Amino acid sequence: MAFVSLLTFGDTGWGDELLAGLWVTIRLAVMTLPLGLLIGLVIASASRSKNRAARGLGKAYVVLFRGLPELLTVFLVYNGAALLLNAALRSIDPEARFVELSPFIAGMTALGLAFGAYASEVLRGALQALDPGQAEAAHAIGMSHWQIVRRITLPQVWRFALPGLGNLWINLIKDTALVSIIALDDLMRAANVAVGVTKQPFTFYLVICLMYWVLCLISETLIGKLERRANRGVVRA
């Protein structure tokens, strides 16, 4: 069948390219996640700070990156960061050669900035859901600040935030397709190249639809297991 021959491995098919693109997509999503979570935690902490300037910066960050389309953020980071980097290098050495920003780093940064804006709201809500009496009781029995954070705050924040962060993770997997516009050889770009050569758009776009769907299905299963583990011992009314 012509359909099957297009997806075989080797010189006659596109299976190798699609799997290579899938691996890039997975790596991009996995490496973006901790960056986005770190940004989200910092912004959530700033938004709840007693310092007015910190609260203002946190709110401005969330409004900015939640209001920008992720596609535009990718463009701005890929082109703008490269311009700033080269301007900085030339201010040090006027003869410095032009440095091109890695599409992978640019994509990871752009998606991490957007993920962090949404994650900060999820984490802020989780922090607000904590019972302050628990921390006060822990402090009264002599626990240090870091012991309270490690034993009381973080486990509960994780439990409250996990459903929202799980949804953001699934959205992140799908948003990785946006980086194909900056020539990163991810799954979407591999399909676009294959379509350009074979003129079979339905075949390849259907295949990568299934591949993205499988990634999301696996993620939902793992998130469900994490939620059950995080909620063990919790008595529901």
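Since we're looking at a predicted model, the values are computed, not measured.

Each value, and the rule that gives it
- Residues numbered from 1 in each chain as written.
- Predicted model: local features only at pLDDT ≥ 70, side-chain atom pairs only at ≥ 80, totals over all residues.
- Heavy atoms only, no water.
- Helix = DSSP H or I, 4+ residues; strand = E, 2+ residues; numbered from the N terminus.
- Rg over C-alpha atoms; globule rule 2.2 N^0.38 Å.
- Buried < 20%, exposed > 50% of the residue type's maximum accessible area, 1.4 Å probe, protein only.
- Contact = heavy atoms within 4.5 Å.
- Areas by Shrake-Rupley, 256 points an atom, 1.4 Å probe, with all protein chains shown as cover.
- Expected span 1.5 Å × (residues − 1).
- Bend = angle between axes of the 7 residues up to and from the residue.
- pLDDT = per-residue confidence, 0-100.

## What to know about the overall build of the protein
Line of reasoning, step 1. Looking only at helices and strands, the protein has nine helices and zero strands in total.
Line of reasoning, step 2. Each helix and strand of the protein, placed in order from N terminus to C terminus, yields the pattern α-α-α-α-α-α-α-α-α.
Line of reasoning, step 3. Here the C-alpha atoms of the protein give a radius of gyration of 22 Å, more than 25% beyond the 18 Å that 2.2 N^0.38 yields for 237 residues.
Line of reasoning, step 4. When each of the 237 residues of the protein is scored for burial, the buried share is 39%.
Line of reasoning, step 5. Residue pairs in contact within the protein that sit at least 24 positions apart in sequence constitute 71% of those at least 6 positions apart.
Line of reasoning, step 6. Of the roughly 14100 Å² of accessible surface on the protein, 66% is carried by carbon and sulfur atoms.

## So, helix α2 (residues 15-47)
Line of reasoning, step 1. Over its 33 residues, α2 extends 47 Å from the first C-alpha to the last, a length consistent with the 48 Å expected when each residue adds 1.5 Å.
Line of reasoning, step 2. Taken as a whole, α2 carries its principal kink of about 25 degrees at L33; the proline P34 stands between one and four residues after it.

## Comments concerning the confidence of the model for the protein
Line of reasoning, step 1. Residues at a pLDDT of 70 or more form 97% of the protein, whose mean pLDDT is 88.
Line of reasoning, step 2. Mean pLDDT in the protein bottoms out at helix α1 (residues 2-6), which sits at 70, and peaks at α2, which reaches 94.

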